[in-house]
Amino acid sequence: MIIKDEKEDLERSVSRSVPKYFQFLLLVVVALFVQSTSAQGQITVGTEKLDYSSPKQYEVGGITVTGTRYLDKKVLILLSGLSQGETIQVPGEAITEAIRKLWDQGLFSDIDIRATRIEDGKIYLDIKLQERPRLSKYAFKGVKKGDANDIRESIPLIKGKVVTDNIIVSTENIIKNHYIDKGFLNVEVNTVMEKDSTLPNSVILKFNVDRKKKVKIGRIIFRGNEEVKKGKLARSMKETKQRRWWRVWKTSKFLDYEYENDKKAMIAKYNQLGYRDARIISDTIYSNRDGSINVEINLEEGRKYYFRNITWAGNTKYSSETLGKLLGIKKGDIYDQARLEANLFMNPNGRDVSSLYLDDGYLFFNVEPVEILVVNDSIDLEMRIREGKQATINKVTVVGNTKTNDHVILREIRTKPGQLFSRADIIRSQRELSQLGYFNAETLGVEPKPNPVDGTVDIEYTVEEKPSDQIELSGGWGAGRIVGTLGVSFNNFSLRNMFKKGAWRPLPAGDGQRLSLRAQSNGLFFQSYNFSFMEPWLGGNKPNAFSISAYHSVQSNGIQRGEANRESIKITGVSVGLGSRLKWPDDFFSMQHELNYQNYILENYPLIAGFNNGNSHTVSYRFTLSRNSIGDPIFPTYGAILTGSVELTPPFAAMTGLDVNNAQPSEKYQLIEYHKWKFDAKWYISLAKNLVIETKMQFGFLGFYNKDLGAAPFERFYVGGDGLSGFGLDGREIIALRGYDNNSLTPAINGSQVGGTIFTKYGAEVRYRVSPNPQATVYILAFAEAGNSYLKFSDYKPFQLRKSAGVGVRIFLPMFGLLGLDYGWRFDDVPGYPNMAPGQFHFSIGQQF
């Protein structure tokens, strides 16, 4: 016996299937029938009769569950809400509620609750269930492999999951939306469920996908636009684009949510042009015979408005004249709401009114522009200001740093307790934290927590640590041989914790120091070892950067030490530097002082005619002045890096009275003398989101004190190629110029490269960031560059340059640094290189070209 309200079910059935003018008569007949059956007979269960017309109270004597094989029956009884010993009314709400609770689990396709017997006022119930099948596997048909992988990441299907109608519908919608976002608006998905004979109560779902043709926008039709040309309106719609044969970067596809945003952008464009009442009267979308669609938009432009009189109220800190100049809007200017708001609140291209107040502590400042009079096409505005009190910084805290110590972060932050609140200091603090390279620049956050009661504010900075240490394991090509490199850089090292127990996890870290170790070798021919350490805050109170480095390298012809005919050059050097940040001309400037010593030992090494054996020494002082105003060091979108340096040695020949004309080469070059000047500049301009152009120039000059002695044989410039020569001795500087062979643009004498004493290089790169993920930042680029080097200043021709262009990709991995691959095409032939390829690949590690 099924316990349910038969009268109610019949009434519902009649209501759905019978026309309204028959319903009343039929309901009367049904009611008389149910009443007749109730009066004429009753259903007997066990020793008692169950009368539907007269519900009775029963004690639940027992509950059984049938029809399930894979679910715990005790848990199912618990989920039903029924329990042995409780009193329920039959028929009644308890049974209905139990069915509802079980149905809500989504595990069953059919649920019946039956009374098996009734004895002595007790009713015994059986819950009969039919389980839904479970998923064993699923597959797609009509779906490409790449799309299938993307869809699998989004759909909620896992093996063993109960298959419900809702699950199937939800999955179909996910598949449809995936293709709709790609422009396949007419996509159809059909799901086939097949029984899996290998597993009990399991099914296989097969999703048959028919993408149909991609729906493109044939035409976008504007009606009612008398003052604004359709081309300007079409350009304001960033995502909804009409089909054009030349359109490459933005395909023509229709997405409803993008279309809604583009309509708002179009009205915003009207508002920007002074049409503040512009609106869309109606819009429609209809299909064409070729499968494309047309979008038709009916507009009402309204009148064009202009600013007239602008007055200020409530300002006591700054005069109305000062605020008016900063606002930058004059009488008769087009009424541009976006320009007004930008100049009041957040102008990305300069100062605005709110920043004037916020940078002076007025955290509670507010300004509200109010239209007080509209006369024909002119609008009068009153700027109502509430200045509030100046806010003093109470506490500054940092959260999210799991590796870097608080003091390393706090010393870079410009907002200090006791100072007045300043938005400019907050923005600069975020930039300084980004420059450290320890944190994800995309998630750096700051939250001012004002307290208007006492006029203070707490500032909380949120950071997200990212890996900053790097390892270099690579092979290169130098001097006709493979050169292996192994290096490690610990960019957030802690020297003071080296001997602290528990600090090696795996290395002591968190104090912002930098330790680098690097070794290169190709066996007997070349070995090089480098060490460097930097403390950016010497003493901990001021940003005075102390650095020390040492290096030793050996290059030979491969013959063992001590044997005849061995040729070798050894270089050992050490440098000590001290840098500091400047406040003038502005606080983006810094300077660096550095003392360098190098010792060259030649053994039958043909470096200079007549000087194959002996020692050379270099003692120099280098001064560097730089200005760095970029944000993210990995993918800068604004700012510039300007660096100028001069390196000087004492004029040893003049100091020692050396007779240069009669001295032996070993005497001439025992003490190397020179002065070296370099300038490097890079500028970054954002063209669009994730799209940046970098322009750059480089210049270098190696001079001498004594014209009879000439330029030093060391410290020269070698231009061309990828800048990775494998190794470079004699203090040479490698200048990359893609598209050409390594060092191919370097002066030579009698077919042997001797290095240039002057070089020039110009270039530009357009970069597009594909992935901002700090674990793997990726951007692609297109470049054009030109440069050359010259033996002496009289040969210098700054506009006769070797030119090239190409494309490339950069991937920043925290462990390995910046990795690059470029392909460059050269535009010029180079004398002495008849077999140079017209184009070639270049690989780079940890460097910018």
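Residues numbered from 1 in each chain as written. Predicted model: local features only at pLDDT ≥ 70, side-chain atom pairs only at ≥ 80, totals over all residues. Heavy atoms only, no water.

The strand order across the open sheet formed by 3 strands is β10-β12-β11, and the pairing between neighbours is mixed. Each of the sheet's edge strands pairs with one partner strand only, and the pair in question is β10 (217-223) and β11 (279-287). Taken over all neighbouring pairs, the strand axes of this sheet differ in orientation by 15° on average, direction set aside. Sheet topology note: the β11/strand β12 (residues 293-300) ladder contains 8 bridges and is antiparallel. By the bridge assignment for β12, D283 is matched with I297. In the packing of helix α8 (residues 256-272) onto the sheet, contacts are made with β10, β11 and β12, and the angle to β11 comes to roughly 145°. (Pairing = 2+ DSSP bridges. Helix = DSSP H or I, 4+ residues; strand = E, 2+ residues; numbered from the N terminus. Axes fitted to C-alpha atoms, helices over the stretch in contact; angles between N-to-C directions. Contact = heavy atoms within 4.5 Å.)

The next subject is the pattern of salt bridges. It is possible for side chains of opposite charge to pair when their charged atoms get near one another. Applying the stated criterion across every chain yields a total of 48 salt bridges. D104 is the salt-bridge partner of R100, the closest N and O atoms lying 2.7 Å from each other. A residue pair is termed a helical-turn pair when its members lie 3 or 4 positions apart in one helix, as R100 and D104 do in helix α4 (residues 93-104) at 4 residues. For R100, a relative accessible area of 40% puts it in the partly exposed group. (Salt bridge = Lys/Arg side-chain N within 4 Å of Asp/Glu carboxyl O. Buried < 20%, exposed > 50% of the residue type's maximum accessible area, 1.4 Å probe, protein only.)

Before going further, it helps to spend a moment on the sheet that holds strand β14 (residues 366-375). The pairing of strands in a sheet comes from backbone hydrogen bonds and takes either a parallel or an antiparallel form. Pairing in this open sheet of 3 strands is mixed, and the strands run β13-β15-β14 from one edge to the other. If you trace the sheet from one side to the other, it starts and ends with β13 (306-313) and β14, each paired once. Strand-to-strand twist of the sheet, defined as the mean angle between neighbouring strand axes without regard to direction, takes the value 25°. Bridge count for β14 against strand β15 (residues 378-386) is 9 bridges, and the pairing is antiparallel. Of the residues in β15, the one forming a bridge with L373 is D380. Running over the sheet, helix α9 (residues 320-327) touches β13 and β15 and is turned about 140° from β13.

Inspection of the secondary structure puts L299 in strand β12. A relative accessible area of 7% places L299 in the buried class. Ignoring sequence-local partners within four residues, the contact set of L299 consists of F222, R223, G224, N225, L233, M266, Y270, R279, I280 and I281.

Let us now look at the packing of aromatic side chains. Within this structure, the stated rule accounts for 20 aromatic pairs. Note on F307 and Y335: the rings are 4.7 Å apart at their centroids and 40° apart in plane angle, and the pair reads as tilted. With a gap of 28 residues between them, F307 in strand β13 and Y335 in the loop between α9 and α10 (337-344) connect regions that are remote in the sequence. We classify F307 as buried; its relative accessible area is 1%. A residue is classified by how much of its surface remains accessible, and Y335, at 3% relative accessible area, is buried. A centroid spacing of 6.3 Å and a plane angle of 65° characterise the contact between F699 and Y796, whose relative ring orientation is edge-to-face. Here the residue F699 occupies a position in strand β29 (residues 691-703), and Y796 occupies one in the loop between β35 (777-790) and β36 (802-813), the gap between them amounting to 97 residues. Among the aromatic residues, those joined into a ring-pair cluster are F699, F701, Y790, F793 and Y796. Lying over the aromatic face of Y318, K317 brings its terminal NZ or CZ to 5.8 Å of the ring centre. In this structure, R428 packs its charged tip against the face of F588, placed 3.8 Å from the ring centre. (Phe/Tyr/Trp six-rings, centres within 6.5 Å; stacked < 30°, edge-to-face > 60°. Lys NZ or Arg CZ within 6 Å of the ring centre and 35° of its normal.)

Quick look at unusual backbone geometry now. Negative phi values dominate among residues other than glycine, just as trans dominates among peptide bonds. The peptide bond linking V90 to P91 adopts the cis configuration, its omega dihedral lying at -15°. Note on placement: P91 falls in the loop between β4 (87-90) and α4. In this chain, W584 is followed by P585 through a cis amide linkage whose omega measures 5°. Counting through the fold element by element, P585 comes out in the loop between β24 (568-581) and β25 (589-603). Positioned with a positive phi, K212 is a non-glycine residue whose angle comes to about 65°. The residue K212 is located in the loop between β9 (202-210) and β10 in this model.

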